[in-house]
Amino acid sequence: MPWEGTANIGSRSYRCGYCGNIVASAIGYYKKNSALKVYICPHCERPSYFDKRDQVPGIAPGNEVENLPDHIASLYREARYCVSVSAYTASVLACRKLLMNIAVAQGAQEGYDAGQNQATHAKLNHTTNIPKRRSFKSPDL
Ligand SMILES: [Zn+2]
């Protein structure tokens, strides 16, 4: 379905933040006497907003990876899209979760600390006198 009320706003080449293709479009919307423009991607027909330097949605870094399990592909895509909207902390957390999912898919035990092997873990539990659990009571006021 075509967009309504579009105009020829001058050609611009860009990488679409939705489909990832490098496209050239001259169709979209503009604000008079400003650099604000919205271009319609000729490939996926989704709108991208442009200020002087900024593009929204931004370009997701990296590339699509084929033949991934659905839940891994979805998480990888989410991490890339987080970067495209400057949500870097969310991207790091998604990447961490991605690594945990890959590790479990490759046979790692869930909840297992990869920094310690089981023998070391068992040795520490028998040779140190670490209390199992402490409870603290707040002082009476
Ligand atoms: Zn597109």
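Refer to the structure above for everything that follows.
Residues numbered from 1 in each chain as written. Predicted model: local features only at pLDDT ≥ 70, side-chain atom pairs only at ≥ 80, totals over all residues.

Once that is clear, we can look at the overall build of the protein. For the protein, the helix and strand inventory stands at three helices and five strands. When its helices and strands are written in sequence order, the protein yields β-β-β-β-β-α-α-α. A burial count over the protein gives 9% of its 141 residues as buried. Put simply, 32% of the contacts in the protein that link residues at least 6 apart link residues at least 24 apart. (Helix = DSSP H or I, 4+ residues; strand = E, 2+ residues; numbered from the N terminus. Buried ≥ 20, exposed ≤ 12 C-beta atoms within 10 Å, placed from the backbone. Contact = placed C-beta atoms within 7 Å.)

Pairing in this open sheet of five strands is antiparallel, and the strands run β1-β2-β3-β4-β5 from one edge to the other. A single partner strand is all that each edge strand has here, and the edge strands are β1 (7–15) and β5 (55–56). Strand direction decides the pairing type here: β1 and strand β2 (residues 22–30), joined by six bridges, are antiparallel. In the strand pairing of β2, S13 is matched with A24. (Pairing = 2+ DSSP bridges.)

It is worth spelling out helix α2 (residues 88–105) at this point. Here α2 contains 18 residues, and its C-alpha end-to-end distance of 25 Å stays within 8% of the 26 Å for a straight helix at 1.5 Å per residue. G107 occupies a position one or two residues after α2 and carries a positive phi of about 110 degrees. (Expected span 1.5 Å × (residues − 1).)

The next thing to look at is the pairing of strand β3 (residues 37–40). Consecutive side chains of a regular strand alternate in pointing toward one face of the sheet and then the other. As judged from the three bridges shared by β2 and β3, these two strands associate in the antiparallel manner. Each residue of the ladder has a partner; that of Y30, found in β3, is K37. Taking the residues that link successive antiparallel strands as the turn, the β2-β3 hairpin has six residues, and the phi of N33 there is positive, at about 60 degrees. Relative to strand β4 (residues 47–50), β3 runs antiparallel, the two being bridged by four bridges. The residue bridging K37 from the neighbouring strand is F50, located in β4. In sequence, β3 turns back onto β4 through a hairpin of six residues, with E45 there showing a positive phi of about 65 degrees.

Examined against the element boundaries, G28 turns out to sit in strand β2. Look at G28 and you get buried, because 21 C-beta atoms sit within 10 Å. Residues G28 and C41 lie 13 residues apart in sequence; the distance between their C-alpha atoms is 8.9 Å. Non-local contacts of G28, meaning those with residues more than four positions away in its chain, are made with T6, I9, K37, V38, Y39 and I40.

Turning our attention to the environment of G62. Structurally, G62 can be placed in the loop between β5 and α1 (70–84). Judged by the 12 C-beta atoms lying within 10 Å of it, G62 falls in the exposed class.

Time to look at unusual backbone geometry. Residues V56 and P57 are joined by a peptide bond in cis, for which omega reads -5 degrees. Note on placement: P57 falls in the loop between β5 and α1. For S86, which is not glycine, the phi dihedral falls at a positive 60 degrees. Note on placement: S86 falls in the loop between α1 and α2. Residue class for S86 comes out exposed when judged on the 12 C-beta atoms lying within 10 Å of it.

Interpretation in functional terms is not warranted from these geometric data alone.
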